[in-house]
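Topology and contacts: notes
So you can see what is in the structure, the chains are spelled out below.
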Amino acid sequence: MDVSIIVPLIDEEESLPELTDWIHRVVKEHQYSYEIILIDDGSTDNSWKVIESLQKQNPHIKGIKFQRNYGKSAALNEGFKAAKGEVVITMDADLQDSPDEIPFLRDMILSGGFDIVSGWKKVRHDPISKTVPSRFFNWITSKVSKIKLHDFNCGLKAYRSKVVKSIEVYGEMHRYIPVIAKWAGFKKIGEKVVEHRARKYGRTKFGLERFVNGFLDLASITFVGKYGKRPMHFFGTWGTLFFLAGFGFSLYLIISKLIDYNFGITSRPIFYIALTSMVIGTQLFVTGFLAELISRNAPGRNSYLVEKRLGID
């Protein structure tokens with residue numbers, strides 16, 4: 001199959017017929033074999049009934065319905081599992097992403113050699129309350145992840161099939177799929193300026209709290225990516241530094257007491273700094289040791305992505 005189009009949605013009954021018709025026109029014009037996977041993330045309107053009706057009209061349309069709202073990451077993860085296309089394209093259901101971009105994104109994956117191509121909504125039809133925080137968020141993410149993208153959260157993305165089958169998206173990590181893919185070894189990440197259209201139906205499903213959650217998720221994915229399989233390297237390093245600092249202060253106090261019998265140890269602030277540093281250092285070291293034991297016995301600990309095998313069945 002040439003292309004899988006994954007569309008997570010919630011309460012988008014009005015936009016679905018227009019969106020699927022538009023996708024159908026584009027892929028037929030380019031003679032692609034395709035599937036459209038619509039994931040209903042706990043809609044409270046008639047979105048699922050619309051999906052059932054559309055599927056009867058077009059067998060290329062497939063649907064997944066969640067019992068309740070689990071979030072966009074869960075919807076994408078289920079879509080990735082079900083996708084069968086050589087190239088997988090994700091887009092939002094609100095008609096703000098243009099299906100006309102599909103051929104260009106697919107060509108960048110197959111001809112351009114990219115693992116991921118992320119859309120960049122250079123001109124946005126959103127209020128300033130969304131655009132300004134979004135630019136700051138994208139700038140921070142780019143600096144931390146070392147991935148040169150202008151718009152990490154753009155729903156319009158294209159992936160090589162191997163990428164989506166090798167990663168897991170959970171929590172609210174859909175914003176950081178390029179980062180997750182990079183940690184998995186897929187480093188050919190590109191960008192394309194895409195059209196961003198004004199919302200035609202309904203209203204946005206995201207509030208300002210997503211930016212706070214976004215930064216917390218960034219810290220989480222950065223830590224897991226670097227130290228998920230070797231937590232002792234993080235906790236052990238900081239634990240050792242704190243302990244050595246506390247031990248050094250303690251040694252200074254002991255030597256000072258030996259030189260001057262009247263030297264008061266417990267009356268000096270450095271005594272409590274030394275004691276606290278040694279306690280914190282010990283706790284960090286023990287935390288790293290326990291995390292290492294848990295990590296080594298966790299499912300998938302020794303599961304690594306192997307690109308090629310030679311002489312092995």
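Residue numbers here run from 1 along each chain, matching the order of that chain's written sequence. For this predicted model, a pLDDT threshold of at least 70 governs which residues receive local features, and a threshold of 80 or more governs which side-chain atom pairs are given and counted, while totals over whole chains, interfaces and linings are taken from all residues. Remark: hydrogens and water are excluded; side-chain values derive from all non-hydrogen atoms of the structure.

**So, the overall build of the chain**
Heads up, the condition is: Secondary structure elements follow DSSP: runs of H or I of four or more residues count as helices, runs of E of two or more count as strands, with numbering from the N terminus. Three exposure classes are used, based on accessible area relative to the maximum for each residue type with a 1.4 Å probe and protein chains only: buried under 20%, partly exposed in between, and exposed over 50%. What makes two residues a contact is simply this: any of their non-hydrogen atoms within 4.5 Å.
Across its full length, the chain carries ten helices and seven strands. Out of the 313 residues belonging to the chain, those deemed buried represent 43%. Within the chain, contacts between residues at least 6 apart in sequence are counted, and of these 80% link residues at least 24 apart.

**Brief notes about the packing of aromatic side chains**
The cut-off we apply is this: To pair, rings of Phe, Tyr and Trp, with the six-membered ring standing in for Trp, must have centres within 6.5 Å; the planes then decide the type, stacked if under 30 degrees apart, edge-to-face if over 60, and tilted in the middle. Geometrically, a lysine NZ or arginine CZ counts as sitting over a ring once it is within 6 Å of the ring centre and also within 35 degrees of the ring normal.
A full pass over the atoms with the stated rule returns four aromatic pairs. An angle of 90° between the planes, with centres 5.3 Å apart, marks the rings of Phe66 and Tyr70 as edge-to-face. The class of Phe66 is buried, set by a relative accessible area of 10%. With centroids separated by 5.1 Å and ring planes inclined at 85°, the aromatic side chains of Phe234 and Phe235 adopt a geometry described as edge-to-face. Sitting above the plane of the Tyr32 ring, Arg106 keeps its charged end 4.5 Å from the centroid.

**Some thoughts on helix H9 (residues 231–259)**
Working note: α-helix, 3.6 residues per turn, so residues spaced by three or four point in the same direction. Which entries qualify depends on this criterion: Each helix should span, by expectation, one fewer than its residue count multiplied by 1.5 Å.
Taking 1.5 Å of rise per residue, the 29 residues of H9 would be expected to cover 42 Å, and the 42 Å separating its terminal C-alpha atoms lies within 8% of that figure. Taken as a whole, H9 has its buried residues at Pro231, Met232, Phe235, Gly236, Gly239, Gly246, Ser250, Leu253 and Ser256.

**Points about the pattern of salt bridges**
Where we set the bar: In the sections that follow, a salt bridge refers to a side-chain nitrogen of Lys or Arg positioned within 4 Å of a carboxyl oxygen of Asp or Glu.
Taken as a whole and judged by the stated rule, the model has eight salt bridges. Between Lys62 and Glu35 there is a salt bridge, and its shortest N-O distance comes to 2.6 Å. You can see Lys62 sitting in strand E3 (residues 61–65) and its partner Glu35 sitting in strand E2 (residues 34–40), a full 27 residues away along the chain. The buried category is assigned to Glu35, whose relative accessible area is 1%.

**Remarks on the sheet that holds strand E6 (residues 157–160)**
The cut-off we apply is this: One bridge is not enough; two strands pair if DSSP finds at least two bridges between them. Lines fitted to C-alpha atoms define the axes, with helix axes restricted to the stretch in contact, and inter-axis angles between N-to-C directions lie between 0 and 180 degrees.
The seven strands are arranged E3-E2-E1-E4-E6-E5-E7 in an open sheet whose pairing can be described as mixed. The open sheet has two edge strands, E3 and strand E7 (189–193), and neither has a second partner. Within the sheet, the average angular offset between the axes of one strand and its neighbour, ignoring direction, is 20°. Alignment of E2 against E3, held across five bridges, turns out to be parallel.

**Notes on unusual backbone geometry**
Phi is positive for Asp11, which is not a glycine, with a value near 55°. Here the phi dihedral of Leu95 falls at roughly 70°; this positive angle occurs in a residue that is not glycine. Secondary-structure assignment places Leu95 in the loop between strand E4 (87–90) and helix H4 (102–110).

**Some words on a nonpolar patch on the surface**
So the rule is basically this: Patch definition: residues above 30% relative accessible area lacking any salt bridge, with like charges linked at up to 9 Å and the nonpolar side chains Val, Leu, Ile, Met, Phe, Trp and Tyr linked at up to 5 Å. Each accessible area is a Shrake-Rupley result for a 1.4 Å probe, and residues are judged covered by the shown protein chains and nothing else.
Taken together, the side chains of Phe243, Leu244, Phe247, Leu251, Ile255 and Ile259 present a nonpolar region at the surface, about 590 Å² in accessible area. Take Leu251: it is sitting in helix H9. Under the relative-accessibility criterion, Leu251 is labelled partly exposed at 42%.

**Brief notes about the nonpolar core**
Cut-off, in case you're wondering: What is meant by a nonpolar core is a set of buried Ala, Val, Leu, Ile, Met, Phe, Trp, Tyr and Cys residues, joined one to another through side-chain atoms within 4.5 Å.
Counting residues in each nonpolar core, the largest one holds 32 residues, and the members touching the most others are Ile5, Leu16, Ile23, Leu38, Ile89 and Met91. Listed by contribution, the elements that provide at least two residues to this core are strand E1 (3–9), helix H1 (16–29), E2, helix H2 (47–57), E4 and H4. No other element matches H1, which puts six residues into this core. Those residues in contact with Met91 that sit more than four places away from it in its chain are Ile5, Ile6, Val7, Pro8, Leu19, Ile23, Asp97, Pro99, Ile102, Gly155 and Leu156.

**Description of the environment of Asn58**
Put simply, the test is: Polar contacts, as counted here, are pairs of nitrogen or oxygen atoms within 3.5 Å of one another; within protein the pair requires one atom able to donate a hydrogen and one able to accept it, and residues that are adjacent in sequence qualify only if both atoms are side-chain atoms.
Along the polypeptide, Asn58 turns up in the loop between H2 and E3. Residues Asn58 and Asp21, 37 residues apart in the sequence, show an inter-C-alpha distance of 9.6 Å. At a separation of 3.0 Å, a polar atom in the side chain of Asn58 contacts the main-chain amide nitrogen of His60.

**Let's talk about H4**
Turning to H4, its buried residues are Ile102, Pro103, Leu105, Arg106, Met108 and Ile109. Residues of H4 that are buried make contact with E1, H1, E4, strand E5 (116–120), E6 and E7.

**Digging into the packing of H1 against H2**
The relative placement of two packed helices is expressed as an angle between their axes plus a distance between the axes. Put simply, the rule reads: If you view the pair so one helix is near and one far, a crossing is left-handed when the near helix is turned anticlockwise from the far one by less than a right angle, and right-handed when it is turned clockwise. Each residue gets one of three labels, nonpolar for Ala, Val, Leu, Ile, Met, Phe, Trp, Tyr, Cys and Pro, charged for Asp, Glu, Lys and Arg, and polar for the others, Gly among them.
Closest axis-to-axis distance for the H1/H2 pair is 10 Å, and the angle between their directions is 35°. Note that H1 runs across H2; the crossing there is right-handed. Across the interface between the two elements, Leu16, Pro17 and Thr20 from H1 touch Ser47, Val50, Ile51 and Leu54 from H2. Residue composition of the contact of H1 with H2, grouped by class: five nonpolar, two polar and no charged.

**A word on the confidence of the model for the chain**
Worth spelling out the cut-off: How sure the predictor is of each residue is captured by pLDDT, a score from 0 to 100.
Overall, the predicted model of the chain reaches an average pLDDT of 84, with 83% of residues at or above 70. When the criterion is pLDDT under 50, residues 301–313 qualifies, and its contacts beyond four places in sequence or with other chains add up to eleven contacts.

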